[in-house]
Amino acid sequence: MSLIENIIRPEVRALAAYHVPDASGFVKLDAMENPFGLPAHLREQLGRRLADVALNRYPVPSYAKLKAGIIETFGVPAGFDVVLGNGSDELISIVSIACAKPGAKVLAPVPGFVMYEMSAKFAGLEFVGVPLKQDFSLDKETMLAAIAQHRPAITYLAYPNNPTGNLFNADDMVAVMQAVGDTGIVIVDEAYQPFAEQTFMGRLPEFPNMAVMRTVSKLGLAGIRLGYMSAAPELLAEFDKVRPPYNINVLTEATAEFLLEHAAVLDEQATQLRAERAKLASALEALPGVEVFPSAANFLLIRVTKTGCDGGELFNRLLERRVLIKNVGKMHTLLENCLRVTVGASDENKSFLTAFAAALAA
Ligand SMILES: *Cc1c(COP(=O)(O)O)cnc(C)c1O
């Protein structure tokens, strides 16, 4: 046996590393980033603010001011606190670790966000994927049957879902929470909330087994790595024990505090992206054979089967034209010939559309 085999768990060895392609020189529409950046005057003010940060000191691990700002700005209900993560990826990891009793399971609709399964495996939890319906709506009966069979400790519902972009029916989600009852937690992942304008946050008092998770990544701050999660205080306190005490670094903390004072700028950018999403969707729908799925996120899922082209081939032809989107066709059988494109700034969307039309014709 080699050293690796001696020490590394087989499920870790079997995993492929999360692959992030190099995008330099590309129109980058693969990762749901906000294309805009901050206006010059805010960048200057932020620079001065960051210059005053005490880099020699550990962060104060209560993060009281930042949390209070998040609670106020993002509509966390009275009596509810948040736990902060180094991106919501870390929150997913924290929840997985806290719930990893021997034999515990994680359940989520598939296709869905890959980190639910990855994090479950890292923590030694079994992952159960429940297929969505053909139209990517939640298959309520199958979900309820799977919950009854597996009694998952954690159930994830992304609202809206990634990579499909749609919002699940809210009543179906409530049925899931009721079916899970006090044998598990249901995490509503609202990573795309600024583009969805729908939320379960205000309903936290109704559902003691629900947690609502969000991130500032898709809002325009993917680089600072900050996520937050709210749930009933007793539950949140348990998750907070698993959180590394200094997980939010002082630069992220100061940047987020600054931008909470200027949240209107990010809101305005989200509004612009929602308008761009509508324009991009109709331009794509006008291309013969291209199916565009309804999206409440800052990306569009399209299916190209009826164009007569193969999704993977179109993806490669876009790469040749220096446009990077995401080929999700191999992620799940339901996604055959599907591509996911992030909604960018107007000029980026135009570049994509030009390249896509050329790729279809090639
Ligand atoms: C992007 C995304 C996240 C992760 O966000 P980070 O805060 O950047 O780690 C979580 N959930 C879903 C559904 C996402 O699409």
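Source: prediction; values computed, not measured.

## Some remarks on the overall build of the protein
In step 1: Along the protein, the regular secondary structure elements total 15 helices and 13 strands.
In step 2: Over its C-alpha trace the protein gives a radius of gyration of 21 Å, about what one expects of a compact globule, namely 21 Å for 362 residues.
In step 3: Expressed as lengths along the three principal axes of its C-alpha atoms, the size of the protein is roughly 55 × 55 × 50 Å.
In step 4: Every one of the 362 residues in the protein was classed for burial, and the buried ones make up 52%.
In step 5: Within the protein, contacts between residues separated by at least 24 positions form 72% of all contacts whose residues are at least 6 apart in sequence.
In step 6: Taken as a whole, the protein presents about 16,300 Å² of accessible surface, with 55% of it coming from carbon and sulfur.
In step 7: Taken together, the 33 basic and 40 acidic charged side chains of the protein have centroids lying 2 Å from each other.

## Focus on the sheet that holds strand S9 (residues 291-292)
As a general point, the strands of a sheet are linked pairwise by backbone hydrogen bonds and lie either parallel or antiparallel.
In step 1: Within the open sheet, the four strands sit side by side as S9-S10-S13-S12. Their pairing is antiparallel. The outermost strands of the open sheet, each flanked by one partner alone, are S9 and strand S12 (326-327).
In step 2: In this sheet, strand S13 (residues 338-342) lies alongside S12 in antiparallel orientation, the contact comprising two bridges. When the sheet's bridge partners are listed, Asn-327 is paired in S13 with Leu-339.

## So, the sheet that holds strand S2 (residues 81-85)
In step 1: An order of S2-S8-S7-S6-S5-S3-S4 is seen for the seven strands of this open sheet, with the pairing classed as mixed. The sheet is open, and its two edges are formed by S2 and strand S4 (126-131), each paired on a single side. Between one strand axis and the next, the sheet turns by 25 degrees as a mean value, whatever way the strands run.
In step 2: As defined by bridge partners, strand S6 (residues 185-189) adjoins strand S7 (residues 210-215) across four bridges and the pair is classed as parallel. Its bridge partner lying in S7, Asp-189 is registered against Met-213.

## Structural notes on helix H12 (residues 250-260)
An α-helix turns once per 3.6 residues; consequently, residues spaced three or four apart project the same way.
In step 1: Buried residues dominate H12, accounting for ten of its eleven residues.
In step 2: Along H12, the residues that are buried comprise Val-250, Thr-252, Glu-253, Ala-254, Thr-255, Ala-256, Glu-257, Phe-258, Leu-259 and Leu-260.
In step 3: Those residues of H12 hidden inside the fold are in contact with helix H3 (40-51), helix H4 (64-73), helix H10 (217-221) and helix H13 (263-285).
In step 4: Of the residues that open H12, the one with a side-chain oxygen 2.8 Å from the backbone nitrogen of Leu-251 is Asn-249.

## Some thoughts on the UniProt feature "modified residue: N6-(pyridoxal phosphate)lysine" (unreviewed entry) in the protein
In step 1: Feature annotation in UniProt assigns "modified residue: N6-(pyridoxal phosphate)lysine" (unreviewed entry) to the following positions: Lys-218.
In step 2: The residues contacting Lys-218, other than those within four sequence positions of it, are Ala-31, Met-32, Asn-34, Ala-191, Tyr-192, Phe-195 and Asn-298.
In step 3: Among the polar contacts made by the side chain of Lys-218, one reaches the side chain of Tyr-192 at a distance of 3.3 Å.

## Remarks on unusual backbone geometry
Most peptide bonds adopt trans geometry, and most residues besides glycine take a negative phi value.
In step 1: Tyr-159 connects to Pro-160 through a cis peptide bond whose omega is 0 degrees.
In step 2: Positive phi, normally seen in glycine, also occurs at Met-32, with a value near 55 degrees.
In step 3: As for its placement among the helices and strands, Met-32 is situated in the loop between strand S1 (27-28) and H3.

## As for the nonpolar core
Proteins that are soluble and globular tend to have nonpolar side chains buried together.
In step 1: Among the nonpolar cores identified, the biggest contains 54 residues, and Ile-70, Leu-84, Met-173, Phe-200 and Leu-226 are the most heavily contacted of them.
In step 2: Residue contributions to this core peak at five residues, all from helix H8 (residues 170-180).
In step 3: Residue assignment places this core across two domains, with domain 1 (3-38 + 264-361) and domain 2 (58-262) each supplying three or more.
In step 4: The contact partners of Met-173, leaving out residues within four places of it in the chain, are Leu-138, Leu-157, Tyr-159, Phe-168, Val-188 and Phe-200.
In step 5: The next biggest cluster of nonpolar side chains, apart from the first, holds 35 residues, and it includes Met-32, Ala-191, Phe-315 and Leu-339.

## Quick notes on the domain arrangement of the protein
In step 1: Considered domain by domain, the protein is made up of domain 1 (3-38 + 264-361) and domain 2 (58-262).
In step 2: Placing the centre of domain 1 and that of domain 2 at their C-alpha centroids yields a distance of 23 Å.
In step 3: Counting residues at the interface gives 32 residues for domain 1 and 33 residues for domain 2.
In step 4: Its largest share of buried area at the contact with domain 2, domain 1 owes to Leu-266, Ala-296 and Leu-334, together 22% of the area lost on that side.

## Concerning the environment of Asn-209
In step 1: Along the chain, Asn-209 turns up in the loop between helix H9 (193-196) and S7.
In step 2: For Asn-209, a relative accessible area of 10% gives the class buried.
In step 3: Filtering out sequence-adjacent residues up to four positions away, Asn-209 remains in contact with Met-177, Val-180, Gly-181, Gly-184, Ile-185 and Val-186.
In step 4: Within the structure, the side chain of Asn-209 is placed 2.9 Å from the backbone oxygen of Gly-181, a separation counted as a polar contact.

## Description of the packing of aromatic side chains
Any two aromatic rings considered together are summarised by their centre-to-centre distance and by the angle between their planes.
In step 1: Throughout the structure, instances matching the rule amount to eight aromatic pairs.
In step 2: Residues Tyr-58 and Tyr-246 carry aromatic rings whose centres are separated by 4.5 Å and whose planes lie at 25 degrees to one another, so their mutual orientation is stacked. With Tyr-58 in the loop between H3 and H4 and Tyr-246 in the loop between helix H11 (233-242) and H12, this residue pair connects regions lying 188 residues apart in the sequence.
In step 3: Members of the aromatic cluster, connected to one another through ring pairs, are Phe-113, Tyr-116 and Tyr-156.
In step 4: Looking at Arg-340, its charged tip hangs above the ring of Phe-299, at a distance of 5.8 Å from the centre.

## Examining the packing of H4 against H12
In step 1: Packing of H4 against H12 leaves a shortest axis separation of 10 Å and a crossing angle of 35 degrees. Handedness of the crossing formed by H4 with H12: left-handed. Where H4 approaches H12, its residues Lys-65, Leu-66, Gly-69, Ile-70 and Thr-73 are matched on the opposing element by Glu-253, Ala-256, Glu-257 and Leu-260.
In step 2: Classifying every residue of the contact of H4 with H12 by side-chain character gives four nonpolar, two polar and three charged.

Each value, and the rule that gives it
Residues numbered from 1 in each chain as written. Predicted model: local features only at pLDDT ≥ 70, side-chain atom pairs only at ≥ 80, totals over all residues. Heavy atoms only, no water. Helix = DSSP H or I, 4+ residues; strand = E, 2+ residues; numbered from the N terminus. Rg over C-alpha atoms; globule rule 2.2 N^0.38 Å. Buried < 20%, exposed > 50% of the residue type's maximum accessible area, 1.4 Å probe, protein only. Contact = heavy atoms within 4.5 Å. Areas by Shrake-Rupley, 256 points an atom, 1.4 Å probe, with all protein chains shown as cover. Lys, Arg positive; Asp, Glu negative; His and termini not counted. Charge placed at Lys NZ, Arg CZ, Asp CG, Glu CD. Pairing = 2+ DSSP bridges. Axes fitted to C-alpha atoms, helices over the stretch in contact; angles between N-to-C directions. Polar contact = N/O pair within 3.5 Å; in protein donor to acceptor, adjacent residues only side chain to side chain. UniProt positions renumbered as here; feature names shortened; annotations may be inferred. Core = buried A, V, L, I, M, F, W, Y, C linked by side-chain atoms within 4.5 Å. Domains from an automatic or database assignment. Buried area = accessible area lost by both parts, 1.4 Å probe. Phe/Tyr/Trp six-rings, centres within 6.5 Å; stacked < 30°, edge-to-face > 60°. Lys NZ or Arg CZ within 6 Å of the ring centre and 35° of its normal. Left-handed = near helix turned anticlockwise from the far one by under 90°. Nonpolar A, V, L, I, M, F, W, Y, C, P; charged D, E, K, R; others polar.

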